[in-house]
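Coordinate analysis (summary)
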Amino acid sequence: MEAPFIFGKLAEGKNFINREKDLENLKLNFKSGINTILISPRRWGKSSLVNQAAEQLKTENPELHFCFIDLFNIRSEEDFYEDFATKLIKVTSTKWEEWIKNGKKFFSNLIPRFNMGLDPVHDFKITFDWKELKKSQDEILELPQSISIAKKIRIVVCIDEFQNIAQFDQSLAFQKKLRSVWQRHQKVTYCLYGSKRHMLAEIFENKSMPFYKFGETRFLNKITEHYWIEYISRQFSSTGKLISNELSAEIAAMMENHPYFVQMFAKNVWQNTDKKCSSEIIAFTLQELLIQNSLMFQRELDNLTNKQINFLKALTEGVLKFSTKETLTNYDLGTQGNITRIKSSLENSEIIDLWGDKIEFIDPLFRLWFTEIYLNKK
């Protein structure tokens, strides 16, 4: 029997939960040519949302073509241009022979090199001479607009982990270049998103940055509990197992309604359930997961300073004002200025998420391990 819960990959079909309003808004923007920026922490379902919108619109609007680009492993301008060109040529052509033909057709100043392995469908890549590329970068950035006009189609370019461009050499100049070209495109829509909320906010919400007001910015929220109750109960039932609404709510609440972790925890609870779930099974599963992840979590703590660990301790104990004299003394946090550095470091390490005055652990399972095992508190 296959597990009825999915995590670590795109949620599709019956595994795509809620997000109706977000989905309709995104589809409307894609159809209307409105650029969209999606911002939320890692594993909140941005990629699944974009994919779901694309799949539905491919049927409703055949003229729309979606190009998906992931910058996770892209670390330079050169890598960006080559991946950008490769993905665009592939998604707007039907076979590899046409990829090569179009690759030559749409470049006038650049001479593309076509690299193919034993399987051309998966091992196809366009590369360029970097010296030539630096002289004709706009030709690549104009590629989606050029293809759209030539083929009489509309293209939606969806770029994941977009915040990685902030790590490029001369990143600000590169961002200015992208903005200056892309803002002129009438046949192309851009959807830009990523997993580091503070970096994306800096790129898109800072008035001094090139991408400020590039499109509509949407901040995704967690999926609310009542949707999880319905989903978890339904998935158990679909495999002949039973779970009450109260216990479904408990699973979601323990993982703070975080999409990835609710799915992961529910899968393990389901696996430990023979016929009917109980509170004891949920408690056993949680302890099982905490023990399984102890080594990894301990390694995370080993990389933190004592004051950073003290800050996390204060956070688990409900402290809201970290800069008061009492908190600084009770938790040995140093000076008020040190609090800013601690927050920034923990945020960059993706241990906590900061949004306004709100501070929370990114990983709810790590929070439970830190509280129950490291601090030995229930």
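Attention here is on the structure that accompanies the text. (Residues numbered from 1 in each chain as written. Predicted model: local features only at pLDDT ≥ 70, side-chain atom pairs only at ≥ 80, totals over all residues. Heavy atoms only, no water.)

Counting 53 residues, the largest nonpolar core has Ile-232 and Leu-312 as the members making the most contacts within it. No other element matches the seven residues that helix 12 (residues 259–272) contributes to this core. Leaving out residues up to four positions away in the same chain, Ile-232 has contacts with Phe-5, Ile-243, Ser-248, Ile-251, Val-262 and Ala-266. If you look at the next biggest cluster of nonpolar residues, it comprises 43 residues, including Ile-39, Cys-67, Ile-89 and Val-181. (Core = buried A, V, L, I, M, F, W, Y, C linked by side-chain atoms within 4.5 Å. Buried < 20%, exposed > 50% of the residue type's maximum accessible area, 1.4 Å probe, protein only. Helix = DSSP H or I, 4+ residues; strand = E, 2+ residues; numbered from the N terminus. Contact = heavy atoms within 4.5 Å.)

Where helix 10 (residues 225–237) contacts helix 12, the two axes come as close as 11 Å, and the packing angle between them is 30°. One element, helix 10, and the other, helix 12, form an angle in the roughly parallel class. Read as a crossing pair, helix 10 and helix 12 show a hand that is right-handed. Where helix 10 abuts helix 12, its residues Trp-228, Tyr-231, Ile-232 and Phe-236 lie against Pro-259, Val-262, Gln-263, Ala-266, Val-269 and Trp-270. (Axes fitted to C-alpha atoms, helices over the stretch in contact; angles between N-to-C directions. Parallel < 35°, antiparallel > 145°, perpendicular 65-115°, else oblique. Left-handed = near helix turned anticlockwise from the far one by under 90°.)

On to the pattern of salt bridges. With the rule as written, the count across this model stands at 19 salt bridges. Glu-60 serves as the salt-bridge partner of Lys-27, at 3.1 Å between the closest nitrogen and oxygen. Of this pair, Lys-27 sits in helix 1 (residues 20–32) while Glu-60 sits in helix 2 (residues 46–60); the two residues are 33 residues apart in sequence, bridging distant segments of the chain. A salt bridge links Glu-230 to Arg-234, with the shortest nitrogen-to-oxygen separation between them at 4.0 Å. (Salt bridge = Lys/Arg side-chain N within 4 Å of Asp/Glu carboxyl O.)

Right, let's talk about the pairing of strand 6 (residues 188–194) for a bit. When you tally the buried positions in strand 6, you get seven out of seven residues, the bulk of the element. Side chains Val-188, Tyr-190, Leu-192 and Gly-194 project from strand 6 onto one buried face, and the interleaved Thr-189, Cys-191 and Tyr-193 project onto a second face that is buried too. Looking at chain direction, strand 1 (residues 36–39) and strand 6 are connected through four bridges and run parallel. Paired with Thr-36 across the two strands is Cys-191, which belongs to strand 6. (Pairing = 2+ DSSP bridges.)

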